Amino acid sequence: MNSAAVALRRRLSLSRFPLHRLSSSSTAAVAESGPISPPHPTKAAVAAKKTTIKPRIPPKLLFRHLMGLSPDGKVTDVFHYYIREGYSFTNADLNGCFRGLRKFRRYQHCYEILQWMDKRRYDFSARDHALRLDIVFKLKGVVEAEKYFDSLSPSFKNRFTYGVLLYCYCKSLMSDRAAALFKKMDELNLVSPLGLNNLMTMSLNLGRPEKLPSLMQEMKDRNFPISDFSRALLMQACSMMNDIEGVERVFEETNKEKCDWSIYSNLASAYFKVGCFEKADSVLRQLEEILRKEKHVRSAYLFLITFHASAGNSDGVFRVWDSLKSHYPGCHNLSYLCFLSALSRLDDIEALTKYFGEWNTSCQAYDPRLAIVVLRAYLSNDMIDEAKLFFRIAGDKGGALCFKAHELFIDYYLEKGDIQSGLGHMEAAVSQVKKDLKWQPAQEVVDSFFKYFESKKDVDGADRLCKLLRQVNCLDSKTFLSLLRIYVAAGKLDLEMRKKMRKRMKNAGIDISSEHKDLLDKMLIFRVDLVTDPSLDGKSFNSQLVISTLGSTRSDYLKSLLFHVESTYRPGRVILGGIEVPRDLFTSWFLL
């Protein structure tokens, strides 16, 4: 490594860029730290610019810098900086960064790398085009993915790119297009086991488990190797059809010593589904024994914890947790999240509190999801005082934790009928919304508030809620429909109120639909003050009549009522909506 690269590595030391393990929790930690500022140029870097051979930046360093970008950060800013400082990177470096970012679902940054490479005419292989097709699909959908595939030259349309396009159709549950493309791939001799697995997965997601046995048989007829993943899919299909013998038959075909742990998990799930709890427990213990003998992926332990919790087996949960900790002694956020969720499902509040404290004192990156598990458990057990105290302590972390916590409190108070407390938490959540920290309440929550206000004819409460919704850009057509219903139910019916409501809708950019118009028309009230002619038998009569317009026949309805008033009482004065109408005009109105 040349001196310039060494100098750059020193500049980007671990004290400046903390290096976390590449896990879901560490990714969150890197993201929370915000975008990483590029280092200032060193003398070695300036000198390297003047040389004809540009020093190559260490690939791991480049990847770490890209991982430190915020979601809105630009990959091109990082690349341009290093180029200005005299450093270079190869096609292999960029491909390595691309694959690393893709692993952590940083699809937008992956796409920017591909655009960079495309503009600079980097060489793309068929596999590179397949990866790019996958990113286009995940970011822009199946239509753009089709366009990209069609733009490829024939030499790049091989089993890789065809396979990804088939995956796009299967993921989008487009069975007809998937079947047509598979037929074409068969004609071109491009069918692979992965393609058949995609078809099997699509059939399961579409609720068509009966199709999987024939697809598995086709895989065997083509002499494709049968993977544990394929067998697991077939076991799920048999379980969906309540074919427990079929599940057992697939299990017997596997190599018990080398099969994936998902084979055991599917067998246990199938037994549990049909009520064979003892058999399910026996299979789980076999899996636990396998995990004790050798180190397996963490997800196997998490499955066992979740499964035991679903079965109400507290001993099994703690037994697997101890086994997991012996193989993975570190404080892993995802493991604790699964374990705390299991304790919550078991209603073991004491253990839940204990192990949350254990995690909270040793975690490297704070994950608000774990605090939410505890808070939800407190509220579901009506431990409102404990929930408030916990929120005051854990709420200092802010961000997503505060918003989700307020949502839980709102749901709790709505269920208890304490609307004012729920609205107070809504106000608290809205007050924490910032430019870079957005939040909106769930539509179900908004509907529950409006339903309550309508039942109580509480116009002030509804207006208070609308004020909050306007601050978080949630005022829409449905909101004003609910608000109008509350105004009508509360009897807020006059022309002036109708004008104000139409103005509010206009200012909010709401188009008035037929439903809005019907509710607004119900706010049209005709007040008719009747004073009889004193010459009629010397009687004096003073009356008021309130007529609300109804539906499309409101004009005829109003005419009939006013005609009845005219013919019965012969009013000397008529006042409509506070405006006196000349008697001649009032009489001639019936002739129109």
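Each remark here, short or long, concerns the structure printed above.
Presented here is a report on the structure given in the accompanying data block. (Residues numbered from 1 in each chain as written. Predicted model: local features only at pLDDT ≥ 70, side-chain atom pairs only at ≥ 80, totals over all residues. Heavy atoms only, no water.)

**So, the overall build of the chain**
Scanning the chain for helices and strands turns up 32 helices and four strands. In the chain, buried positions account for 45% of the 592 residues. In the chain, once contacts between residues fewer than 6 apart in sequence are set aside, the share between residues at least 24 apart is 61%. Here the chain displays about 32000 Å² of accessible surface, and carbon together with sulfur accounts for 52% of that area. (Helix = DSSP H or I, 4+ residues; strand = E, 2+ residues; numbered from the N terminus. Buried < 20%, exposed > 50% of the residue type's maximum accessible area, 1.4 Å probe, protein only. Contact = heavy atoms within 4.5 Å. Areas by Shrake-Rupley, 256 points an atom, 1.4 Å probe, with all protein chains shown as cover.)

**Structural notes on the nonpolar core**
In globular proteins that are soluble, nonpolar side chains generally tend to be buried together. Counting residues in each nonpolar core, the largest one holds 101 residues, and the members touching the most others are L199 and F356. Per element, the largest residue contribution to this core is nine residues, and it comes from helix α22 (residues 368-380). Setting aside chain neighbours within four positions, we find L199 in contact with L166, C170, A178, F182 and L215. Formed by 33 residues, the second largest nonpolar core is a distinct cluster that contains V445, F480, L481 and I486. (Core = buried A, V, L, I, M, F, W, Y, C linked by side-chain atoms within 4.5 Å.)

**Observations regarding the environment of A377**
As for its placement among the helices and strands, A377 is situated in helix α22. A C-alpha to C-alpha distance of 9.2 Å links A377 and D348, two positions 29 residues apart in sequence. Excluding residues within four positions of it along the chain, A377 makes contact with S344, I349 and L352.

**Some remarks on the side chain of D128**
Structurally, the position occupied by D128 is in helix α8 (residues 126-140). Here D128 is buried and forms no salt bridge, its nearest opposite-charge partner R99 lying at an N-O distance of 4.3 Å. Only 3.0 Å separates the side chain of D128 from the backbone nitrogen of S125, close enough to count as a polar contact. Ignoring anything within four residues of it in the chain, the contact list for D128 reads N95, R99 and D123. (Lys, Arg positive; Asp, Glu negative; His and termini not counted. Salt bridge = Lys/Arg side-chain N within 4 Å of Asp/Glu carboxyl O. Polar contact = N/O pair within 3.5 Å; in protein donor to acceptor, adjacent residues only side chain to side chain.)

**Points about the environment of Y148**
The topology assignment puts Y148 in helix α9 (residues 142-151). According to the relative accessible area criterion, Y148 is buried, its value standing at 14%. The sequence separation of Y148 and F137 amounts to 11 residues, and the corresponding C-alpha distance is 9.4 Å. Those residues in contact with Y148 that sit more than four places away from it in its chain are H129, R132 and L133.

**Some words on helix α6 (residues 91-103)**
With 13 residues, α6 should reach 18 Å at 1.5 Å per residue; the first-to-last C-alpha distance of 18 Å fits that figure. Among the residues making up α6, those that are buried are D93, L94, N95, C97, F98, G100 and L101. Two residues or fewer past α6, R105 is found with a positive phi of approximately 60°. (Expected span 1.5 Å × (residues − 1).)

**What to know about the packing of α6 against α8**
In contact at an axis separation of 12 Å, α6 and α8 are set at 35° when each is read in the N-to-C sense. Where α6 crosses over α8, the handedness of that crossing is left-handed. Where α6 approaches α8, its residues N95, F98, R99 and R102 are matched on the opposing element by D128, L131, D134 and I135. Partitioned by chemical class, the residues of the contact of α6 with α8 number three nonpolar, one polar and four charged. (Axes fitted to C-alpha atoms, helices over the stretch in contact; angles between N-to-C directions. Left-handed = near helix turned anticlockwise from the far one by under 90°. Nonpolar A, V, L, I, M, F, W, Y, C, P; charged D, E, K, R; others polar.)

**Side note on the environment of M426**
Along the chain, M426 falls in helix α25 (residues 419-431). Sequence spacing of M426 and I410 is 16 residues, and the spatial spacing of their C-alpha atoms is 7.0 Å. The residues touching M426, leaving out its near neighbours within four places in the chain, are I410, W439, P441, V445, F449, L465 and L468.

**Notes on the packing of α8 against helix α10 (residues 159-171)**
Put simply, α8 and α10 touch, their axes get as near as 8 Å, and they point 15° apart. Between α8 and α10, the crossing angle belongs to the class labelled roughly parallel. As α8 runs across α10, the sense of the crossing is right-handed. Where α8 approaches α10, its residues A126, R127, H129, A130, L133, D134, F137 and K138 are matched on the opposing element by R159, F160, T161, V164, L165, Y167, C168 and K171. For the contact of α8 with α10, a count of residues per class yields nine nonpolar, two polar and five charged. (Parallel < 35°, antiparallel > 145°, perpendicular 65-115°, else oblique.)

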